[in-house]
Amino acid sequence: MRAGSFVLAFALLASVTNVLPSRATNEAVSQGALAHGGAYLVERDPGVAEAAVELWFRAPSDGYDASTPGIAQLAAVAVAAVPLAAGRSLVDFLQAVGGRFSVNVYPDMVAVSATVPASAARRTIATMTAAYFAPTVSDDSLKTAQQDAAVLGIERKYSAALALHDLAFQQLFAGGPAHQSPLPESDAQITAVSRGAVDAFAKRAFRASNALLAVAGNVEASAIDAVTDGTLGTMDSPYDSPLASSPQDISQNGSVDGIGLAWAGPPIVDEKAATAMDFINDYLFRDDSGTLQRTLDAAGSSTALSGQFVTLHDPGVMIVTISGPNADATRTGVLAAIASLNRPMDAATFAAAQQAFVYHCLSDAQTPQAAADNLGWYGTEGNAAYAPGIPDGTYVRDALALDPDYVAGIARTYLKAPVVVRLVTATAKGSAS
Amino acid sequence: MLAFAATVVASAQTPSPTLSNSAGVIIVRQPDDAASLTGVDLFVRAGLDRQTLAQNGLAALTAQSILETPVTIGTSGTTLPLETAAAAMGGSVSFDVGGRSVRFYVEGGSGGSGALVAVFAQALGTPAFDATTLHAARLALGRKIAQTEQVPLLVGLEMLDRQFFTDANAGLPQDGTATSLAQFVSADVRGFYVRNYRRGGAVVSAVGAPAILASGILERLAGVLPAGSSSAIVAKVPALRGASREMIAHRDIGAPWMVAQFPAPAFGSKNFGAMLVLAELMNRGLAEAAQVPNVISRTISENAVGSIYNFDQRPANLVIYVDGGLGDASSTFSNTLAFVKVIDMVKLTGSFGEFKALAQGDYIANATRLSDRAMLAGEFAMDGGSADYLNGALAAIAAVTPADVQRVARTYLGNPVIALIVPREAGSQ
């Protein structure tokens, strides 16, 4: 068994460069400063007919005084809905060119994203930056944002993965934006925020100088010239949240049942450690191929299991959520699998998992939107060169530099006892009793 | 609502696929030196229509057995099942059984794609159909079938397809059923393989690094299949009769779903562009009929209603679906059907610019992954036509007039067949 494994490992390690793309990073991604403040990253792919245009801002989701949970969400949507000089809003413009728009708010960042036919990329860059770099909020656009937030809030409440994610972050962090849900949690919170407050937040958060413009797809880097708005300045420092000194497990009533596990992980600057956490996540939890997912599939289980290492400025977070039948037994299996990683994996298993991991990384980043998401997220968290999917970028090099001993060391360092959170519905409570 | 006259995209500004022929197999290439990965599709005329009724699942079992076939990787002589080997080599291999063809898709890092396609060719040319391999294939298909059963939309599609494809067995369940799979022995699978895994009608469609695409691996893959061709099994599936044209299935789900199917024009038709625009119009109308909250952010509920235009199927069809859990199920379903009825009766006026733009945007968005690009080019090339799946479709959408949409609605949206998937009652089987 060992001998066979060794031979396999040798064969795989010998071909470890199979997954390496052939382009140099400087050919793949253009980057620089915008003329009127802010920075840009452009990853060009002339083989597709689509472009993704995204603006990323560093901003606390609960406001600059930490008193208004969800204000970043309200501001980002309200700005997109307000008519611009040409008489139509950014959202209207995108519909007219066949594009799709989305807003994603994280504890420490706001992302607005559009995917459009490539021929509309330049106009989208111009319109999106015009909307956000000189933001205004009207009564009507705020109402639209409030309605939007109410719908999203209900969906989040009934999504086991998202509800458990919020609760786990609340326990893991003592304060800061990561301690709060990035969405308003109640109608009262939604309506309590005044237009003036939203407008002021938008003007501070969505400054050009606080922005990273991430563009990917069939678009020339010269399209960046379409940005005509903005003012020079500097980007805010990252909005990190302090960890709880001794985070407590919690069980509370919810709209869904489930268990969440969370561990604080390495900061983004520790690339190799963060990549090792991603590797562990990929090996255990990836849909279809993760070892724990395959175990559940083989057993015909309908338990929903998901894992993610959230790469943040400092610290990152590994989070696992479990819902559906047999959640407790699955939790036991998850913890046992993670504990087993404290010892180095055998060479053959590791080599195969490493090849698969690098492939997954490249495969996941192949659409313009995924590429722009990576550029925006990693750039805003402070390490653009580490964005997964950049051909010959540091992420792939870090992934190929992992070895079984290093991964085991990272598991021992970061994946000790997790914070355990549990949501219980009234029905489940009744059944249990 | 139709106030904006969109600037319609005239061209995708992407290189068109090129076509060649190797030993009777069509080879489609889309060189892309920006792609980190290379994807290769192989279409073989060994799909559902090659099965008799009693062979339900045999196409999938044959394809899955190829994925389970042990292959040798590297120079060490180590053997692993193809699917496992592909993962260990930094790639993936999968298949999808369609009405006419089974489509294998191989994807990997550009540096290792040659080796990956070579191991796939190894399994394709010398597949294992022994009892152990068949057992593993049955287990894998069994898991897929069980997962499909949990998804109301897929349950509804299977029900509808069974009655829609009346000239062959192309409407049989993609992966068969647990019962049908259990009856096949090695000789059945080998017989299906020998009869149908031929070069006739096969297509290789690849996207990725130009050097890989020009290296000869595609021709070598095409050469693995023996010469000759196979024919569809002639079958006459009785058309659904009766006034209601409704089918009902019970599943362990939380809320009822309605799925309805209409005939539709294929992608070569003059009505192709108009149906793409009509599908967008229906998406909007269905969302309003189902009272999907009209918000800016993407929401989970917007995925619970919509349309799927299966233009690559023969015959092509349009499917609409509604999750009754969005509100009052009966009124949601009746509003939806009322909307469908109205759209082919009222006179459509005004600007369709927005819907045309959305149709173009959606079409482009569904052609960005390597697997989608390879699949679309292969499907378009399969019948001897151009492999340019993009520019022609965008031009067709740009040329659509309201009268075209009206005509297509009247032609195709007459009398749908409806599948209702409803929650199983407690204690029922």
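Residues numbered from 1 in each chain as written. Chains lettered and ligands numbered in written order. Predicted model: local features only at pLDDT ≥ 70, side-chain atom pairs only at ≥ 80, totals over all residues.

### Observations regarding the overall build of chain B
Along its length, chain B carries 15 helices and 13 strands. Over its C-alpha trace chain B gives a radius of gyration of 22 Å, about what one expects of a compact globule, namely 22 Å for 429 residues. Its C-alpha atoms give chain B principal-axis dimensions of roughly 65 × 55 × 40 Å. A buried classification covers 55% of the 429 residues belonging to chain B. (Helix = DSSP H or I, 4+ residues; strand = E, 2+ residues; numbered from the N terminus. Rg over C-alpha atoms; globule rule 2.2 N^0.38 Å. Buried ≥ 20, exposed ≤ 12 C-beta atoms within 10 Å, placed from the backbone.)

### So, the overall build of chain A
When helices and strands are tallied, chain A shows 17 helices and eleven strands. By the compact-globule yardstick of 22 Å for 433 residues, chain A fits well, its C-alpha radius of gyration being 22 Å. Taking the principal axes of the C-alpha coordinates as reference, chain A spans close to 70 × 60 × 35 Å. Counting contacts in chain A only where the partners sit at least 6 residues apart, residues at least 24 apart contribute 80% of the total. (Contact = placed C-beta atoms within 7 Å.)

### As for the interface of chain A and chain B
At the interface, 62 residues of chain A touch 53 residues of chain B. Taken together, the elements giving at least two residues each to the side of chain A that touches chain B come down to helix 1 (2-14), helix 3 (71-81), helix 4 (90-96), strand 4 (100-106), strand 5 (109-117), helix 6 (139-157) and helix 13 (347-364) of chain A. In terms of residue class, the side of chain A that touches chain B is made up of 32 nonpolar, 21 polar and nine charged. (Nonpolar A, V, L, I, M, F, W, Y, C, P; charged D, E, K, R; others polar.)

### Quick notes on helix 12 (residues 327-340) of chain A
All names here are of chain A. When the terminal C-alpha atoms of helix 12 are compared, their 20 Å separation across 14 residues agrees well with the 20 Å that a helix rising 1.5 Å per residue should span. Of the residues making up helix 12, those classed as buried are Ala327, Thr330, Arg331, Val334 and Ile338. Within helix 12, the buried residues cover an arc of 105° as seen down the axis, which keeps them to one side. For helix 12, exposure combined with an orientation more than 90 degrees from the buried face picks out Asp328, Ala329, Thr332 and Ala336. Here the buried face of helix 12 lies against strand 8 (258-265), helix 11 (291-298), strand 9 (304-310), strand 10 (316-323) and helix 16 (404-414). (Expected span 1.5 Å × (residues − 1). Arc of directions from axis to C-beta.)

### Considerations on helix 12 (residues 353-365) of chain B
Here helix 12 of chain B contains 13 residues, and its C-alpha end-to-end distance of 18 Å stays within 8% of the 18 Å for a straight helix at 1.5 Å per residue. Judged by how many residues are buried, helix 12 of chain B sits mostly within the fold: eleven of 13 residues are covered. Those residues of helix 12 of chain B that are buried lie in contact with strand 3 (50-58), helix 4, strand 4 and strand 5 of chain A together with helix 10 (272-289) and helix 14 (391-398) of chain B.

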